[in-house]
Amino acid sequence: MASNHKSSAARPVSRGGVGLTGRPPSGIRPLSGNIRVATALPPGTARPGSRGCPIGTGGVLSSQIKVAHRPVTQQGLTGMKTGTKGPQRQILDKSYYLGLLRSKISELTTEVNKLQKGIEMYNQENSVYLSYEKRAETLAVEIKELQGQLADYNMLVDKLNTNTEMEEVMNDYNMVKAQNDRETQSLDVIFTERQAKEKQIRSVEEEIEQEKQAADDIIKNMSLENQVKYLEMKTTNEKLLQELDTLQQQLDSQNMKKESLEAEIAHSQVKQEAVLLHEKLYELESHRDQMIAEDKSIGSPMEEREKLLKQIKDDNQEIASMERQLTDTKEKINQFAEEIRQLDMDLEEHQDPTNYGWKTIEKTGSFKKQV
């Protein structure tokens, strides 16, 4: 410490009101003892984490640093990338947004022009492709005709090379011509039939359209309530048709499954015996269920007695009513038989010419003959 004092005493002072020689002022003397001298900090700042500077406020140490800002490479950690900020506009007024809008509009215009050019190029290519396609079709027809001519010439050359007689060539020609004529006639018949069928189809379609128009007219002339009912019934009909199609498909699948199972059963004796046993089991179960139902329907002896007495009483009443009806019917039959007998007797009397009846009309004894 003594050496320190000596060096400081011999050191000249440039400012502070002290001469170039002598002791330094007491305000700037070095502190004695074991007191640790603090590191100089800028005015108005304190050590981070102390009472004078809370954690996370101000300064470089308080900035939020993420691990992603320092990516790891093969050579170690790299430094954080700091964005270069140039001079920016301080006030975002109307002119700024107008300029931004103009720049975006120019970009959109450029992009639209590019798309328009692409469309024009595509249309040109498409037109060229269509023209090429038509040309290819015509060339294909020409190639086919030329191939037929080439086949004819090749056949002629073969005939000439083989020294074929002219009569044989003419016979082949006549045969091919007759075959072509027959095919031409058949094609004409088919074409005529096709035209007739198309005409018939058109007439049927016209009739269908007329029927639809008539149905629409009938619906329009209906009352509002009937129209609502018709629409509801039409909707229901469509739903039922869809359900019918679904059920028909299910039925077809089940029939196919049944046919496949029947085919499998027909080729297996064990499966046939299993089917017979299953049918017998089903019959026995049905008989069992019927017997259980009959057993449940049978009541106590008193209930059965009352039921029988009631049935006998009803039967007796029905028999008595039938006997009364039978007696009435017999009386009517006897009455009708008596009337028939009397009519027969009257008829016999009128048919006999010798039978006359005399009737007294007056008390004076005069008579009138009656036939």
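Given the structure is predicted, the values throughout are model-derived calculations rather than measurements. (Residues numbered from 1 in each chain as written. Predicted model: local features only at pLDDT ≥ 70, side-chain atom pairs only at ≥ 80, totals over all residues. Heavy atoms only, no water.)

1. Here's the deal with the overall build of the chain
Scanning the chain from N- to C-terminus turns up 6 helices and 4 strands. What you see in the chain, going N to C, is helices and strands ordered as α-β-β-α-α-α-α-α-β-β. For the chain, the residues scored as buried account for 2% of the 371 residues in total. Expressed as a percentage of contacts within the chain between residues at least 6 apart in sequence, the contacts between residues at least 24 apart total 4%. Element-wise, carbon and sulfur atoms account for 57% of the exposed surface of the chain, whose accessible area totals about 35400 Å². (Helix = DSSP H or I, 4+ residues; strand = E, 2+ residues; numbered from the N terminus. Buried < 20%, exposed > 50% of the residue type's maximum accessible area, 1.4 Å probe, protein only. Contact = heavy atoms within 4.5 Å. Areas by Shrake-Rupley, 256 points an atom, 1.4 Å probe, with all protein chains shown as cover.)

2. Topic: the packing of aromatic side chains
The full count for this structure, using the stated rule, is 1 aromatic pair. Arranged with centres 5.3 Å apart and planes meeting at 70 degrees, the rings of Y96 and Y97 form a pair that is edge-to-face. Note on Y96: relative accessible area 31%, which makes it partly exposed. Residue classification places Y97 among the partly exposed positions, given a relative accessible area of 48%. (Phe/Tyr/Trp six-rings, centres within 6.5 Å; stacked < 30°, edge-to-face > 60°.)

3. Focus on the packing of helix α4 (residues 224–266) against helix α5 (residues 269–297)
Contact geometry of α4 with α5 gives a least axis separation of 6 Å together with a crossing angle of 115 degrees. Considering their axes alone, α4 and α5 lie roughly perpendicular with respect to each other. Residues E264, I265 and A266 of α4 lie in contact with α5, whose contacting residues are K271, Q272 and V275. (Axes fitted to C-alpha atoms, helices over the stretch in contact; angles between N-to-C directions. Parallel < 35°, antiparallel > 145°, perpendicular 65-115°, else oblique.)

4. Some words on a negative patch on the surface
Taken together, the side chains of E205, E206, E207, E209 and E211 present a region of like negative charge at the surface. With respect to the element layout, E211 can be found in helix α3 (residues 166–221). (Patch = residues over 30% accessible without salt bridge, like charges linked within 9 Å, V, L, I, M, F, W, Y side chains within 5 Å. Salt bridge = Lys/Arg side-chain N within 4 Å of Asp/Glu carboxyl O. Lys, Arg positive; Asp, Glu negative; His and termini not counted. Charge placed at Lys NZ, Arg CZ, Asp CG, Glu CD.)

5. Observations concerning a nonpolar patch on the surface
Where nonpolar side chains cluster on the molecular surface, the patch consists of L92, Y96, Y97 and L100 and spans about 370 Å² of accessible area. Residue placement: L92 occurs in the loop between β2 (76–77) and α2 (94–161).

6. Concerning the pattern of salt bridges
As enumerated under the stated definition, the model contains 6 salt bridges in all. Measuring nitrogen to oxygen at the nearest pair gives 3.8 Å for the salt bridge that ties K229 to E225. Residue K229 and its partner E225 are both found in helix α4; the two are separated by 4 residues, about one turn of the helix. Given a relative accessible area of 42%, K229 falls into the partly exposed group.

7. Description of α5
With 29 residues, α5 should reach 42 Å at 1.5 Å per residue; the first-to-last C-alpha distance of 42 Å fits that figure. The backbone nitrogen of K271 has a side-chain oxygen 3.4 Å away, supplied by the residue at the start of α5, namely S268. (Expected span 1.5 Å × (residues − 1). Polar contact = N/O pair within 3.5 Å; in protein donor to acceptor, adjacent residues only side chain to side chain.)

8. Thoughts on the environment of S260
Here S260 is to be found in helix α4. A polar contact is formed between the side chain of S260 and the backbone oxygen of K257, at a distance of 2.6 Å.

9. Digging into the side chain of S268
Mapping S268 onto the fold places it in the loop between α4 and α5. A polar contact is formed between the side chain of S268 and the backbone nitrogen of K271, at a distance of 3.4 Å.

10. Observations concerning the environment of Q272
Secondary-structure assignment places Q272 in helix α5. Along the chain, Q272 and E262 lie 10 residues apart, while their C-alpha atoms are 9.4 Å from each other. Apart from the residues within four sequence positions on either side, Q272 is in contact with I265 and A266. At 3.2 Å, the side chain of Q272 forms a polar contact with the backbone oxygen of I265.

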